[in-house]
Amino acid sequence: MAIMINGAAVAAPGDARVSLLDLLREQLHLTGTKVGCNQGACGACTVLVDGERVLSCLTLAVQADGRSVTTIEGLGSAESPHPLQAAFIKHDGFQCGYCTPGQICAAAAMLREAEAGMPSYLTADLTAAPVLLSRDEVRERMSGNLCRCGAHNGIVDAILEVAAEHAA
Amino acid sequence: MIPVGYVRASSLGAIPPMLAGDGHRLLGGGTNLVDLMRKGVERPSLLIDVTALPATIEEAADGGLVIGAAARNSAVAAHPLVRVRYPILSRAILSGASAQIRNMATVAGNLMQRTRCVYFNDVAGSRCNKRAPGSGCDAIGGFNRYHAILGASSACIATHPSDMCVALAALDARIRVDGPGGARTIPIGEFHRLPGDTPEIETALAPGEVIVAVEVPASPFAGRSTYRKVRDRASFAFALVSVAAGLTLDKERIADIRIAFGGVAPKPWRALQAEALLRGGPATSAAFEAAAAAELAHAEPLAGNAFKRELAKRSLSAILAELAGVSR
Ligand SMILES: Cc1cc2nc3c(=O)[nH]c(=O)nc-3n(C[C@H](O)[C@H](O)[C@H](O)COP(=O)(O)OP(=O)(O)OC[C@H]3O[C@@H](n4cnc5c(N)ncnc54)[C@H](O)[C@@H]3O)c2cc1C
Ligand code: SF4
Ligand code: FES
Ligand code: FES
């Protein structure tokens, strides 16, 4: 087996202690994914595993064996940015940029969740699908990603713009 | 972290012999165990990945649900049957942790998650009877804003952190387990234990036993049920107080009612006294307040968490008024 990382097969490490985050950053030098708290509380390390947003700091790399991982490097590039990346630039969705890769990976998955009708704690009608993403809904659904710079207003604006394009 | 082995269990039958070794532990999503390993609280020698256990969510013969142990928290919250029939469970899960963590966390892992007491997590600097039995409890005279006001002991005052389990307590869920002694079913009320003199023993799970599934019985009241969580920030924080409640009305009277609190006790706290006072009685805000006061009369607040008694009373009165559709 192997871990598919942004489309390339990588052998799972022999040492089970290696987190997916450390595999990405220290061994594969995919440093877009950031280390914040290393304990699940900040979201800076968010990546997609089989398309779902997860925390790479609390995932052991061996747990990802046989699965496919997408990091910010796999979502878009400077030449061909992901729509969320373009929207973050347009709306000043960052200051230092440290939380940004995690925010964008989380937002990409979040938009798909909402489309599929995944409710949030705030959703009044738990059975509505797709969910209409209000500002409060986006804030609730993105609460796993902290931003110490306080760029949240721009982050939410950027996500709402892409959500509207999705819906259109 | 100390070196650790890793294997994947391909079937339920394969697990008991694997679990027999010293320090052999089950691994769900890892959101609690990996964190505690990194902090040195947990020091397993072998991790047995059980995420290939059944993760299905199926309707039971009695109209209830059977949820596989490896079902992810997000999958349970999103399941159509859960959303329609058990809003209390959907909302409780959705109020917990973050979307990323809910995608990773399994139902069994959520049931087995350990306390978030900061002293429990601080291996180098704090005494903790749960982590090191007999060493003392630094929370009792320390920062205990998040600690218990009901069901605690002089050995440990930690709260159970789960939101999902509070809803399961209100729903009278049963935990299906399997192990060396055979298969059995444990009512949720007996699954988590109060600390007494042995805070290190947290559940009724015997050594070598594995959680296989959670049975949620058919519940007439669950259609009119919800979960409310009060915390220090609006999202992604553990509960100071939470309430899971459901009721059925017969005209203005309460035909049946279920109430459980989170954030106030070492286990999900089923408010049996308040339920008994309200069942058959009028659905009025005065009755709700009286029942809440009676349930919280036994609370033993600490220096840092006296506010929880009033917060729990008000939260319960408010949620019942909302469910019954009476103004306060
Ligand atoms: C930052 C952060 C915030 C959080 N906030 C909340 C919150 O607000 N509300 C809330 O409810 N929770 C919260 N959580 C906790 C989260 O819900 C739990 O960590 C999660 O549910 C654990 O599930 P898991 O599958 O990842 O468990 P794991 O970490 O894999 O395992 C936890 C325990 O369960 C045992 N186990 C796993 N599977 C089985 C099985 N089949 N049978 C028997 N034992 C088993 C393991 O051996 C281990 O002891 C938070 C966690 C973090 C990191
Ligand atoms: S409250 Fe319990 S978990 Fe916390 S320090 Fe005391 S004994 Fe340990
Ligand atoms: S680094 Fe993973 S959540 Fe903070
Ligand atoms: S932009 Fe600096 S942490 Fe978010």
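Residues numbered from 1 in each chain as written. Chains lettered and ligands numbered in written order. Predicted model: local features only at pLDDT ≥ 70, side-chain atom pairs only at ≥ 80, totals over all residues. Heavy atoms only, no water.

1. Examining the pattern of salt bridges
Now for step 1: Counting across every chain of the model gives 28 salt bridges over all chains.
Now for step 2: The shortest N-O distance in the salt bridge between Asp50 of chain A and Arg67 of chain A comes to 3.9 Å. Here Asp50 of chain A is found in the loop between β3 (46-49) and β4 (52-55), whereas its partner Arg67 of chain A is found in the loop between β4 and β5 (68-70), with 17 residues between them in sequence.
Now for step 3: Judged by its relative accessible area of 26%, Arg67 of chain A falls in the partly exposed class.
Now for step 4: In this structure, the salt-bridge partner of Asp163 of chain B is Lys229 of chain B, at a minimum N-O distance of 2.8 Å. Within this pair, whereas Asp163 of chain B is found in the loop between α8 (118-121) and α9 (164-170), its partner Lys229 of chain B is found in strand β9 (residues 225-230), the two being separated by 66 residues in sequence. (Salt bridge = Lys/Arg side-chain N within 4 Å of Asp/Glu carboxyl O. Helix = DSSP H or I, 4+ residues; strand = E, 2+ residues; numbered from the N terminus. Buried < 20%, exposed > 50% of the residue type's maximum accessible area, 1.4 Å probe, protein only.)

2. Structural notes on the UniProt feature "domain: FAD-binding PCMH-type" (unreviewed entry) in chain B
Now for step 1: Per the UniProt record, "domain: FAD-binding PCMH-type" (unreviewed entry) is found at residues 1-221 of chain B.
Now for step 2: The straight-line gap between the two end C-alpha atoms of residues 1-221 of chain B is 46 Å; of that span, 26% is helix and 16% is strand. (UniProt positions renumbered as here; feature names shortened; annotations may be inferred.)

3. Considerations on the nonpolar core
Now for step 1: Of all hydrophobic cores here, the largest spans 53 residues; its most connected members are Val76, Leu89, Leu111, Leu168 and Ile211 of chain B.
Now for step 2: Tallying contributions element by element places α9 of chain B first for this core, with seven residues.
Now for step 3: Not counting residues up to four positions away in its chain, the partners in contact with Ile211 of chain B are Leu53, Ala69, Ala108, Leu111, Met112, Ile175, Arg176, Val177, Phe191 and Leu205 of chain B.
Now for step 4: Residues Ile3, Leu24 and Leu30 of chain A together with Val4 of chain B belong to the second largest nonpolar core, which totals 32 residues. (Core = buried A, V, L, I, M, F, W, Y, C linked by side-chain atoms within 4.5 Å. Contact = heavy atoms within 4.5 Å.)

4. Examining a nonpolar patch on the surface
Residue and element names in this part refer to chain B.
Now for step 1: Residues Val118, Phe143 and Tyr146 make up a contiguous nonpolar surface patch of about 280 Å² in total accessible area.
Now for step 2: For Val118, the location among the structural elements is in helix α8.
Now for step 3: For Val118, a relative accessible area of 48% translates into the label partly exposed. (Patch = residues over 30% accessible without salt bridge, like charges linked within 9 Å, V, L, I, M, F, W, Y side chains within 5 Å. Areas by Shrake-Rupley, 256 points an atom, 1.4 Å probe, with all protein chains shown as cover.)

5. Focus: the interface of chain B and chain A
Now for step 1: Across the boundary between the two partners, chain B contributes 42 residues, which contact 41 residues of chain A.
Now for step 2: A buried area of about 3,200 Å², summed over both sides, lies between chain B and chain A, and 55% of it is on carbon and sulfur atoms.
Now for step 3: On the chain B side of the interface with chain A, the three residues burying the most area are Arg83, Arg91 and Gln100 of chain B, jointly 21% of the side's total.
Now for step 4: On the surface where chain B and chain A come into contact, there are 20 residue pairs in polar contact (both at pLDDT 80 or more).
Now for step 5: When contributions to the side of chain B that touches chain A are tallied by element, the ones reaching two or more residues are β1 (5-8), α2 (33-38), β3 (46-49), α3 (73-78), α4 (80-85), α5 (87-94), α6 (99-104) and β9 of chain B.
Now for step 6: Among the elements that line the side of chain B that touches chain A, the one with the most residues is α6 of chain B, at five residues.
Now for step 7: Considered class by class, the residues forming the side of chain B that touches chain A number 19 nonpolar, 12 polar and 11 charged. (Buried area = accessible area lost by both parts, 1.4 Å probe. Polar contact = N/O pair within 3.5 Å; in protein donor to acceptor, adjacent residues only side chain to side chain. Nonpolar A, V, L, I, M, F, W, Y, C, P; charged D, E, K, R; others polar.)

6. Observations concerning the domain arrangement of chain A
Size of an interface, as often reported, equals the accessible area lost when the parts are brought together.
Residues and elements named next belong to chain A.
Now for step 1: The assigned domain composition of chain A is domain 1 (3-75) and domain 2 (83-167).
Now for step 2: The straight-line distance from the C-alpha centre of domain 1 to that of domain 2 is 21 Å.
Now for step 3: Buried area between domain 1 and domain 2, summed over both chains or domains, comes out near 1,300 Å², and the portion from carbon and sulfur atoms is 57%.
Now for step 4: Seen at the junction of domain 1 and domain 2, the total is one salt bridge. (Domains from an automatic or database assignment.)

7. Let's talk about the environment of Ser74 of chain B
Now for step 1: Within the secondary structure, Ser74 of chain B is located in helix α3.
Now for step 2: Between the alpha carbons of Ser74 of chain B and Ile319 of chain B there is a distance of 24 Å; along the sequence they are 245 residues apart.
Now for step 3: With near-sequence residues (within four places) excluded, Ser74 of chain B lies in contact with Met118 of chain A together with Arg102 and Asn103 of chain B.
Now for step 4: A polar contact is formed between the side chain of Ser74 of chain B and the side chain of Asn103 of chain B, at a distance of 2.9 Å.

8. Comments concerning the domain arrangement of chain B
Now for step 1: Taken domain by domain, chain B comprises domain 1 (5-51) and domain 2 (225-324).
Now for step 2: The distance between the C-alpha centroids of domain 1 of chain B and domain 2 of chain B comes to 36 Å.

9. A few points about the site of ligand 1
Now for step 1: In the neighbourhood of ligand 1, 37 residues make up the surrounding shell, with Leu26, Gly28, Thr31, Thr106 and Asp163 of chain B lying closest.
Now for step 2: At the site occupied by ligand 1, nearby residues are drawn from chains A and B.
Now for step 3: Between Asn32 of chain B and ligand 1, the recorded distance is 2.8 Å, taken from a backbone N or O atom to an oxygen atom.
Now for step 4: Contact distances for ligand 1 include 3.0 Å between an oxygen atom and a side-chain N or O atom of Lys229 of chain B.
Now for step 5: Burial of ligand 1 by the protein amounts to 96% of the accessible area it has alone, namely 980 Å².
Now for step 6: Those elements giving two or more residues to the shell around ligand 1 turn out to be β2 (24-27), α7 (107-112) and β8 (210-216) of chain B.
Now for step 7: Per element, the largest residue contribution to the shell around ligand 1 is four residues, and it comes from α7 of chain B.
Now for step 8: Along the lines of polarity and charge, the residues of the shell around ligand 1 split into 19 nonpolar, 14 polar and four charged. (Near = heavy atom within 4 Å.)

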